[in-house]
Number of protein chains: 4
Amino acid sequence: SMHILISNDDGLYAPGIRLLSEGLAKHCDRVTVVAPDRDRSGASNSLTLDQPIRVERQGEGVYKVYGTPTDCVHVAITGVLEAEPDMVVSGINAGANMGDDVLYSGTVAAAMEGRFLGLPAMAVSLSYGREGPRHYESAARAATILMRRLVAEPLPADTILNVNVPDLPWEEIKGFETTRLGHRHRSENVIPLEDPRGRPFYWIGPPGGEQDNGPGTDFNAVRKGYVSVTPIHVDLTRYQALDQVSHWIEALNGEGAGEE
Amino acid sequence: SMHILISNDDGLYAPGIRLLSEGLAKHCDRVTVVAPDRDRSGASNSLTLDQPIRVERQGEGVYKVYGTPTDCVHVAITGVLEAEPDMVVSGINAGANMGDDVLYSGTVAAAMEGRFLGLPAMAVSLSYGREGPRHYESAARAATILMRRLVAEPLPADTILNVNVPDLPWEEIKGFETTRLGHRHRSENVIPLEDPRGRPFYWIGPPGGEQDNGPGTDFNAVRKGYVSVTPIHVDLTRYQALDQVSHWIEALNGEGAGEE
Amino acid sequence: SMHILISNDDGLYAPGIRLLSEGLAKHCDRVTVVAPDRDRSGASNSLTLDQPIRVERQGEGVYKVYGTPTDCVHVAITGVLEAEPDMVVSGINAGANMGDDVLYSGTVAAAMEGRFLGLPAMAVSLSYGREGPRHYESAARAATILMRRLVAEPLPADTILNVNVPDLPWEEIKGFETTRLGHRHRSENVIPLEDPRGRPFYWIGPPGGEQDNGPGTDFNAVRKGYVSVTPIHVDLTRYQALDQVSHWIEALNGEGAGEE
Amino acid sequence: SMHILISNDDGLYAPGIRLLSEGLAKHCDRVTVVAPDRDRSGASNSLTLDQPIRVERQGEGVYKVYGTPTDCVHVAITGVLEAEPDMVVSGINAGANMGDDVLYSGTVAAAMEGRFLGLPAMAVSLSYGREGPRHYESAARAATILMRRLVAEPLPADTILNVNVPDLPWEEIKGFETTRLGHRHRSENVIPLEDPRGRPFYWIGPPGGEQDNGPGTDFNAVRKGYVSVTPIHVDLTRYQALDQVSHWIEALNGEGAGEE
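These remarks concern the structure in this document. (Residues numbered from 1 in each chain as written. Chains lettered and ligands numbered in written order. Predicted model: local features only at pLDDT ≥ 70, side-chain atom pairs only at ≥ 80, totals over all residues. Heavy atoms only, no water.)

**So, the interface of chain C and chain A**
The interface is formed by eight residues belonging to chain C together with eight residues belonging to chain A. Note on chain C versus chain A: buried area summed over both sides is about 780 Å², and carbon and sulfur give 56% of it. Looking at the side of chain C that touches chain A residue by residue, the class counts come to two nonpolar, one polar and five charged. (Contact = heavy atoms within 4.5 Å. Buried area = accessible area lost by both parts, 1.4 Å probe. Nonpolar A, V, L, I, M, F, W, Y, C, P; charged D, E, K, R; others polar.)

**Comments concerning the packing of helix 2 (residues 69–80) of chain C against helix 3 (residues 106–116) of chain C**
Residues and elements named next belong to chain C. Look at helix 2 against helix 3: their axes get within 8 Å of each other, and the N-to-C directions meet at 25°. Classified by the angle between their axes, helix 2 and helix 3 sit roughly parallel to one another. Read as a crossing pair, helix 2 and helix 3 show a hand that is right-handed. Taking contact as the criterion, the partners of P69, T70, V73, H74 and I77 in helix 2 are, on helix 3, G106, A109, A110, E113 and G114. (Axes fitted to C-alpha atoms, helices over the stretch in contact; angles between N-to-C directions. Helix = DSSP H or I, 4+ residues; strand = E, 2+ residues; numbered from the N terminus. Parallel < 35°, antiparallel > 145°, perpendicular 65-115°, else oblique. Left-handed = near helix turned anticlockwise from the far one by under 90°.)

**Topic: the side chain of B:D167**
Residue and element names in this part refer to chain B. Inspection of the secondary structure assignment puts D167 in the loop between strand 7 (159–166) and strand 8 (175–178). In this structure the side chain of D167 is engaged in a polar contact, spanning 2.5 Å, whose partner is the backbone nitrogen of H135. Dropping the residues within four chain positions of it, D167 is found in contact with L126, S127, Y128, G132, P133, R134 and H135. (Polar contact = N/O pair within 3.5 Å; in protein donor to acceptor, adjacent residues only side chain to side chain.)

**Quick word on the packing of helix 1 (residues 15–25) of chain B against helix 4 (residues 136–152) of chain B**
All names here are of chain B. Running from amino to carboxyl end, helix 1 crosses helix 4 at an angle of 45°, the nearest separation of the two axes being 9 Å. Between helix 1 and helix 4, the crossing angle belongs to the class labelled oblique. Seen along the crossing, helix 1 lies across helix 4 with a hand that is right-handed. Residues P15, G16, L19, L20, G23 and L24 of helix 1 lie in contact with helix 4, whose contacting residues are Y136, A140, A143, T144 and M147. The residue inventory of the contact of helix 1 with helix 4, partitioned by class, reads eight nonpolar, three polar and no charged.

**A few points about the relation of the copies chain B and chain A**
Rotating chain B by 180° and translating it 0.0 Å along the rotation axis places it on chain A, where the RMSD comes to 0.0 Å. Here the transformation between the copies is reduced to the relation of a two-fold axis. With an isologous cut-off of 70% or more, the 100% of interface residues of chain B that recur at the interface of chain A puts this contact in the isologous class. (Least-squares fit on C-alpha atoms with pLDDT ≥ 70 in both.)

**Section: the relation of the copies chain C and chain A**
When chain C is fitted onto chain A, the two copies agree to an RMSD of 0.0 Å after a turn of 180° and an axial shift of 0.0 Å. Taken as a fraction of all interface residues of chain C, those also at the interface in chain A reach 100%, which identifies the copy contact as same-surface.

**Quick word on the sheet that holds strand 13 (residues 226–233) of chain B**
Spatially, 11 strands are ordered 10(A)-11(A)-3(B)-4(B)-2(B)-1(B)-5(B)-6(B)-7(B)-13(B)-8(B) in an open sheet, and the strand pairing comes out mixed. Two strands lie at the open edges of the sheet, namely strand 10 (191–194) of chain A together with strand 8 of chain B, each paired on one side alone. Across the sheet, the mean angle separating the axes of adjacent strands is 25° when strand polarity is ignored. Here four bridges tie strand 1 (residues 3–7) of chain B to strand 5 (residues 87–94) of chain B, and the two strands are oriented parallel to one another. Across the sheet, the residue bridging to B:L5 is B:V88, located in strand 5 of chain B. Across the sheet, helix 1 of chain B is in contact with strand 1, strand 2 (30–36) and strand 5 of chain B; its angle to strand 5 of chain B comes to roughly 140°. (Pairing = 2+ DSSP bridges.)

**Notes on the interface of chain B and chain A**
Residue-level contacts link 90 residues of chain B with 91 residues of chain A. Where chain B abuts chain A, roughly 8,600 Å² becomes buried across the two surfaces, and 64% of that area is made up of carbon and sulfur atoms. Counting the contacts that link chain B with chain A gives two salt bridges. B:R186 is paired through a salt bridge with A:E84; the nearest N and O atoms lie 3.1 Å apart. Across the chain B-chain A interface, the total number found is 42 residue pairs in polar contact (both at pLDDT 80 or more). Ranked by the residues each element gives to the side of chain B that touches chain A, the list is headed by helix 6 (residues 242–255) of chain B, at nine residues. Tallied by class, the residues present in the side of chain B that touches chain A amount to 44 nonpolar, 26 polar and 20 charged. Two elements, strand 3 (residues 53–59) of chain A and strand 11 (residues 200–203) of chain B, share two bridges in a ladder whose sense is antiparallel. Across the sheet, the residue bridging to A:R54 is B:F201, located in strand 11 of chain B. (Salt bridge = Lys/Arg side-chain N within 4 Å of Asp/Glu carboxyl O.)

**Regarding helix 4 (residues 136–152) of chain D**
Residues and elements named next belong to chain D. For helix 4, which comprises 17 residues, the first-to-last C-alpha distance of 25 Å matches the rise-based estimate of 24 Å (1.5 Å per residue) to within 8%. Here helix 4 lies mainly inside the structure; 12 of its 17 residues are buried. All buried positions along helix 4 are accounted for by Y136, S138, A139, A140, A142, A143, T144, I145, L146, M147, R149 and L150. (Expected span 1.5 Å × (residues − 1). Buried < 20%, exposed > 50% of the residue type's maximum accessible area, 1.4 Å probe, protein only.)

**Examining the sheet that holds strand 8 (residues 175–178) of chain C**
Strand order in the open sheet made by the 11 strands is 8(C)-13(C)-7(C)-6(C)-5(C)-1(C)-2(C)-4(C)-3(C)-11(D)-10(D), with mixed pairing throughout. Either end of the sheet is taken by a strand with one partner, and the two such strands are strand 8 of chain C together with strand 10 (191–194) of chain D. In this sheet, neighbouring strand axes are inclined to one another by 25° on average, regardless of whether the strands run parallel or antiparallel. Two elements, strand 10 of chain D and strand 11 (residues 200–203) of chain D, share four bridges in a ladder whose sense is antiparallel. Within strand 11 of chain D, the residue paired with D:P192 across the bridge is D:Y202.

Here it is in structure tokens:
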């Protein structure tokens, strides 16, 4: 018996979450949707600590949460749902979550929160171009395949999958590719403006262009027509730097920390 | 000539940022403070994309931003400041940012944003107990020492430092220790409540107890009286899992992605 | 040619505004809906001055505004709509707006803003009991009748109508009654609570019981099964008190304002 | 024994509320300040019904409220304060609250909420020009004089005073004048802009010019150098229109409300 918890950051009324929910429901016993009341793109892993979070049951297995994507998954697993789900799937986001942008993503954060609370999790995004999103059904299909695979053969518990799907009809998608996150050039400058009273405001500018988007990256896989699957961790420790930092620190202790 | 950009998530009026700014100012040429208008704890890396961000100059080298910690550092570096700073220091946070909590932290996010935009960065937090925070000056002193060291001998560009300082007088601090992030038990359940109209709400519960807090962790170092210094990365790719996921994916492609 | 602007404070997705729009559309040439993105009950006349307001066209004659009810009507009339509407109708609110509660109402505020910008306006609310709202169609019908009457025979420009409709099938409604606002006993006390960290919070308590609800009041009319129609003004001057205050002030000037 | 409750809409850290509090404290036994955590200008009478309101004691007789001006006065009187105050004074607002703008004012709303809860109340604003506010102390002095007069000779309970003070040294103020609210021309159009993604936003434009600002109005009194004192009511019924609306309604009932 398989029970999937679904969330997103575009909000409960976004088309992506409806199509994801319908797609997954065909292949598991139970689907529960717990999603934000409105668009919370850019919310990252923010968690609401300064007020209680309102949860509104919208119907059988559907809850609206007046909070962030992380709030949604957190309240669902630690209190709202009677039975613990078996997996968390977040999406389908309207727009790619690749490269450095992943850090700001509420879609990926919802999956990370599922992992924090002990569940396998993945985030699914549709990478579309100028015409706007068209092939959510391809993303739903990719999510279903990956979900079934995860059930059959689990991955290590500390890994979540960040999945980006090209906006193509399913027949035109070339396959799945394991990727690392690419990198962008530095973000463009903020765009200044003044309000009618002359006070300064700034719009966050567009992300920088792709800097590291060669073979092996998520950018590259999607551009070629593959579903990009990136393993993401939730432990932010940079283990490879531990030794180096230790040497670096030693000098300080030699100088005597209690002095200056 | 050294120019430090300072931010935090407790807001411009918090005592920690004032003491950090005063402490660092003694040891560099120029300090600029760009901080949120109010407490934004728990904001993580959230970035404001759906409205422009108001910035108010408060005096020489002090700016108030109506936005998140990430917004602060982003607008400062990509537009508000005429000269690019040499380093970003975020804090002093009122409360530890250790273990899994780091993911939700606005303090750490501000430092990460600095790194994203190409600068060395560190986050500094004061880990205090029941009596409330007392020794901000110890944290300011630790920050100053680390800042000077970073100038003298830089670390790899993709590493930021997450620094947690025990709430002790400087003389009682035993030294610096390089650490990895510890881990907590799963968070406690949400705490349900009803509003006066009978509608359900939930408070996020307290974090779980420390599960992995032995030697080598940030929890352990601070408990022993050391300043904990954890290298953190901003690339969320789980490189160690790439091979495993590749094998896992291969099976899918063998099945033919274009079919189901 | 009659063009009606419709707004509310329950948000664009509330059932009341849809039924109002469908009802009015049968009896006028054009209906435009400009409503908040989400529930903004209790917003009163608040106007967003500290950030720009996002407006999203949802389809022919339907706009979603990320702002308050007052923002909706303001942006619609002073910029978004090409042609100025002939009237503003706000509602159908889920719940009565009678007596002292009118001051906090976003539904009434939307109508007031229409009046401020030079248009006839009315606010329509459905007064329902424990079973929840059932007869929105009665309120839509009452709104239609009043709208047609306002076209045929306008009221003074400085008067808006606050309409409250009992939650009854149309055949059981006894007629229209002109009313004044009733009054409530003082609001009940706030309800204290603590968050999990021990910090104090308060819920606003329920409104006080009806104190002045006799013949002639809105409370009374609705209770008897009538549609209550209350003329409301937007000029807050208490003209009847001008003389009294003048006498009261005179003494101060006699004492010499420039001294103390 | 006199106890004054002070609030505002510019927030606890605004200079006006500090100077008001210091000024009144000299002439009464006790002053309690309960004010918003940040600028809430334009909040009107909005009341927070969808979440609990956090209240933080800042020191003896000073409370910070994470809510609107109306929330502040409401929680203070119905729960936070042990002893009921004798009067509510709101201000000193940085900027005039005259004419039609009064409807949007949080400063005036705070006073109205005091009146709703049974207390005498007044709102005090400083009307300044291009150089920014300079003579808060004149406004504090005017408030003190009016407060003492209200104690000695109360006004009818359903009247609050809206006080606007010219930004002049006290010696140059000519006296007090009882006024009605003036009126403005229709507000200027909204100012359209696009965000970097091409989505439409609008700034609320500046208020219209003064249309009715002749003798007897608040605009006129302040321009001449007088402290303007306008009686304001909280009952929005337009009593003068009751008869007219009754005639207007009669026709509808003649037609039979239950038919259409």
